[in-house]
Amino acid sequence: MGKVLMKGNEAIAEAAIRAGCLNYFAYPITPQSEVAEYMARKLPEKGGVFLQGESEIAVGYMVFGAAGCGERVMTTSSGPGISLMSEALSFIACAQLPAVFVNIMRTGPGLGGILPSQADYFQATKGGGHGDYRLIVLAPSSVQEAVEMVMMAFPLSEKYRNPVMILGDGLIGQMMEPVEFPENLIVKPTRKNKWAANGMDTRKSKKRNIVKSLILDPETMNTHNLLLKEKYDQIRKKEVRFETYNMTKPYKVLIVSYGTMARVCKTAVDLLKEEGIEVGLLRPKTLFPFPEKKIREAAAKAHCKMVLSIEMSMGQMVEDVERSVQGKCPVRWYGKCGGEIPPPKELMEMIKGLKL
Amino acid sequence: MQHEVMFAGFGGQGILSSGKILAHAAMEEGHQVVWIPSYGPEMRGGTAYCMVFISRKVINSPVVRNPLHLVAMNRPSLKKFAPLIKPKGIILINSSLIKIGSGRDDIEELRVPVNEIAKDLGDPKSANIVALAAFVARSNIVAFDNLLKSIEHEFINKNGALPLCMKAAEAGRKAGLP
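Residues numbered from 1 in each chain as written. Chains lettered and ligands numbered in written order. Predicted model: local features only at pLDDT ≥ 70, side-chain atom pairs only at ≥ 80, totals over all residues. Heavy atoms only, no water.

**Re the overall build of chain A**
Per the secondary structure count, chain A includes 12 helices and 14 strands. The globule rule puts the C-alpha radius of gyration for 356 residues at 21 Å, and the 21 Å found for chain A is close to it. The principal-axis extent of the C-alpha atoms belonging to chain A is close to 70 × 50 × 40 Å. For chain A, the proportion of its 356 residues judged to be buried stands at 56%. Sequence-distant contacts in chain A: of pairs separated by 6 or more residues, those separated by 24 or more amount to 80%. Carbon together with sulfur atoms contributes 54% to the accessible area of chain A, which is approximately 14,800 Å² in total. Treating the 47 positive side-chain charges of chain A as one cloud and the 38 negative ones as another, the clouds have centres 7 Å apart. (Helix = DSSP H or I, 4+ residues; strand = E, 2+ residues; numbered from the N terminus. Rg over C-alpha atoms; globule rule 2.2 N^0.38 Å. Buried < 20%, exposed > 50% of the residue type's maximum accessible area, 1.4 Å probe, protein only. Contact = heavy atoms within 4.5 Å. Areas by Shrake-Rupley, 256 points an atom, 1.4 Å probe, with all protein chains shown as cover. Lys, Arg positive; Asp, Glu negative; His and termini not counted. Charge placed at Lys NZ, Arg CZ, Asp CG, Glu CD.)

Dropping the structure here:
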């Protein structure tokens, strides 16, 4: 199959089907409704189930149910819908179930607007729901990468038995770009008979598998949290992913930016280069785990005078950037959050105006 | 070099599909492309626009303040976007609906009565294809034959719309040639 021109939302849906996801529950919300539209049309043809829930709260628990049965399952939404699903997300994380959540971010808070935003960074990386849990958070910056991340999300969530969130913005969902679907997208499901409530007839053992998130005994609860922590520490160690751009040059400014915003930053880096100003860019592809070590090393270089977190939010990722830099270099935030994406020239002028 | 083409008009004028067909043709020619729609809580009759980026190199920023070309299908979009167009760009004006000019002397202005041409062919809905074909004929942004292939790709499964679209493309080509 050659290249096809596809909307991000449709490509995410197609990638999930090709990855063997036959269970999809959702409730429509702009700017991601095309995922549900595509799934409604295509999933029944593949023998899968598309069900529109009566609300995102219901959808969250439909995902919980399917995941508990060991089924490959996905849902997609945007900020306000993810807020409603966050209780279920916490339950799913506690019960250690694999599932894929996609948030195509729109502006907030509140009902906000429907234009692109990155203001759900905290919600995704620090837990929108309650309790000590983490999501693996993947941030695509093109339609092709969104496809690849969906492909990666299912096996990752199964490997760690933890929900994975794909955090895209409205532009990633709405834009069309050429995409190529990898040939071998379907990844073998991991062994799930040890934990999935998928019927006693599926295994030889007489042991019942129980999926739950209520743990009243304090010692057991603490042990469970330690177990989760160990898992998150493993994820921190093994699953960090990022891209560097122009970082081999003696940059005075290091930009940290992700998703659509990082693409605009790349063009700004190119424009500044034409004027003889070297700026490096580090684009986290995983927001949890965050590329802390790489950012700390990059900021500690003698030529680096400032680290800039550029985001379509009022300064959320900047807190992780500050934490990573550990005072080795001044850290500043720049961003917009009304739905308008700052164009490359605006970033260029801003960077030229910095007092280094 | 990177080209940015903005299509703008009312919802229902086929703005988004014009852009999609151009992006498809450029992709088939081996270019990098990005298609960005305006999306909002709008319906038929509301404003609609889309931006198509075409380049030999990887397209990083999908955001641009000053596009190179504009296809304006109604008066509000011409007034809003004409001042943003880069010098030496092309502004195609749908003269059936727009009686004013772009007010720019550093761009190439092309006036085409696309609604009338489409009406004479038998279906006013094909006005967007007339405009797209006229723009491609003037700009050579993709080979005209490749545009025809992408029109075919878009309309082949749409209830016999294809023959009329091909006629609209030919009429647009004639109107757009320098």
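**Things to note about the overall build of chain B**
Within chain B one finds six helices and six strands. In chain B, the order of α-helices and β-strands from amino to carboxyl end is β-α-β-β-β-α-β-β-α-α-α-α. A globule of 178 residues ought to have a C-alpha radius of gyration of about 16 Å, and chain B, at 15 Å, matches this closely. Principal-axis analysis of the C-alpha atoms gives chain B an extent of 40 × 40 × 40 Å. Every one of the 178 residues in chain B was classed for burial, and the buried ones make up 56%. With an accessible surface of roughly 8,100 Å², chain B has 54% of that area assigned to carbon and sulfur atoms. In chain B, the 21 positive side-chain charges and the 15 negative ones have mean positions that sit 4 Å from each other.

**Examining the packing of helix α1 (residues 8-18) of chain A against helix α2 (residues 33-42) of chain A**
Residue and element names in this part refer to chain A. Across the interface, α1 lies against α2 with an axial gap of 7 Å and an inter-helix angle of 45°. One way to sum up the angle between α1 and α2 is to call them oblique. Here α1 runs over α2; the crossing is right-handed. Of the residues in α2, those in contact with N9, E10, A13, E14, A16 and I17 of α1 are S33, E34, V35, Y38, M39 and K42. Residue composition of the contact of α1 with α2, grouped by class: six nonpolar, two polar and four charged. (Axes fitted to C-alpha atoms, helices over the stretch in contact; angles between N-to-C directions. Parallel < 35°, antiparallel > 145°, perpendicular 65-115°, else oblique. Left-handed = near helix turned anticlockwise from the far one by under 90°. Nonpolar A, V, L, I, M, F, W, Y, C, P; charged D, E, K, R; others polar.)

**Section: the pairing of strand β1 (residues 3-10) of chain B**
Residue and element names in this part refer to chain B. For β1, a buried count of six out of eight residues is recorded, marking the element as mostly surrounded by other parts of the structure. Two elements, β1 and strand β3 (residues 47-55), share eight bridges in a ladder whose sense is antiparallel. In the sheet register, M6 faces β3, and the bridge partner there is M51. Across four bridges, the pairing between β1 and strand β4 (residues 69-72) is parallel. Bridge assignment links F7 to a residue of β4, and that residue is V71. (Pairing = 2+ DSSP bridges.)

**Points about the domain arrangement of chain A**
All names here are of chain A. Here chain A is partitioned into domain 1 (4-198 + 226-238) and domain 2 (243-352). Using C-alpha coordinates to define each centre, domain 1 is positioned 27 Å away from domain 2. Contacts between the two partners involve 32 residues from domain 1, matched on the other side by 25 residues from domain 2. Buried area between domain 1 and domain 2, both sides added, is near 2,400 Å², and the carbon and sulfur share of it is 56%. With a closest N to O distance of 2.9 Å, E145 and R283 form a salt bridge. Our enumeration of links across domain 1 and domain 2 arrives at 15 residue pairs in polar contact (both at pLDDT 80 or more). (Domains from an automatic or database assignment. Buried area = accessible area lost by both parts, 1.4 Å probe. Salt bridge = Lys/Arg side-chain N within 4 Å of Asp/Glu carboxyl O. Polar contact = N/O pair within 3.5 Å; in protein donor to acceptor, adjacent residues only side chain to side chain.)

**Some points on the packing of aromatic side chains**
Residue and element names in this part refer to chain A. Under the criterion given, the structure shown has seven aromatic pairs over all chains. The rings of Y61, F64 and F91 are connected pair by pair, giving a single aromatic cluster. The positively charged end of R18 is found above the aromatic ring belonging to F181, 4.6 Å away from the centroid. The ring of Y245 is capped by K266, whose NZ or CZ atom sits 5.4 Å from the centre of that ring. (Phe/Tyr/Trp six-rings, centres within 6.5 Å; stacked < 30°, edge-to-face > 60°. Lys NZ or Arg CZ within 6 Å of the ring centre and 35° of its normal.)

**Observations concerning the interface of chain A and chain B**
Facing 27 residues of chain A, the contacting portion of chain B comprises 18 residues. The tally of links between chain A and chain B comes to one salt bridge. Residue R65 of chain B pairs with E346 of chain A through a salt bridge whose shortest N-O separation is 3.4 Å. The tally of links between chain A and chain B comes to six residue pairs in polar contact (both at pLDDT 80 or more). Looking at the side of chain A that touches chain B, the elements with two or more residues in it are β1 (4-7), α7 (170-174), β8 (176-179), α9 (259-274) and α12 (344-352) of chain A. Of all the elements, α9 of chain A adds the most residues to the side of chain A that touches chain B, at six residues. Tallied by class, residues from the side of chain A that touches chain B come to 15 nonpolar, five polar and seven charged.

**What to know about empty space enclosed by the protein**
Taken as a whole and assessed by the stated rule, the structure comprises two cavities of 30 Å³ or more. By volume, the largest cavity is sized at about 40 Å³. Tallying contributions element by element places helix α4 (residues 127-139) of chain B first for the lining of the largest cavity, with three residues. Around the second largest cavity, the lining residues are I82, S86, L89, Q123, A124, G128, Y133, L135 and M165 of chain A. Looking at the lining of the second largest cavity, the elements that each hand over two or more residues are α4 (79-94) and α5 (121-125) of chain A. With three residues, the top contributor of residues to the lining of the second largest cavity is α4 of chain A. For the lining of the second largest cavity, the per-class residue count stands at six nonpolar, three polar and no charged. (1 Å grid on protein atoms, 1.4 Å probe; cavity = no way out; pocket = protein on both sides within 12 Å on 5 of 7 lines; lining within 4 Å. Points joined across faces, edges and corners; volume = space filled by probe spheres on them.)

**Focus: the side chain of T125 of chain A**
Residues and elements named next belong to chain A. Relative to the assigned elements, T125 resides in helix α5. Exposure remark for T125: the relative accessible area of 2% places this residue in the buried category. At 2.8 Å, the side chain of T125 and the backbone oxygen of Y121 are in polar contact. Contact partners of T125, with chain neighbours within four places excluded, come to R134, V137, L287, F288 and D320.

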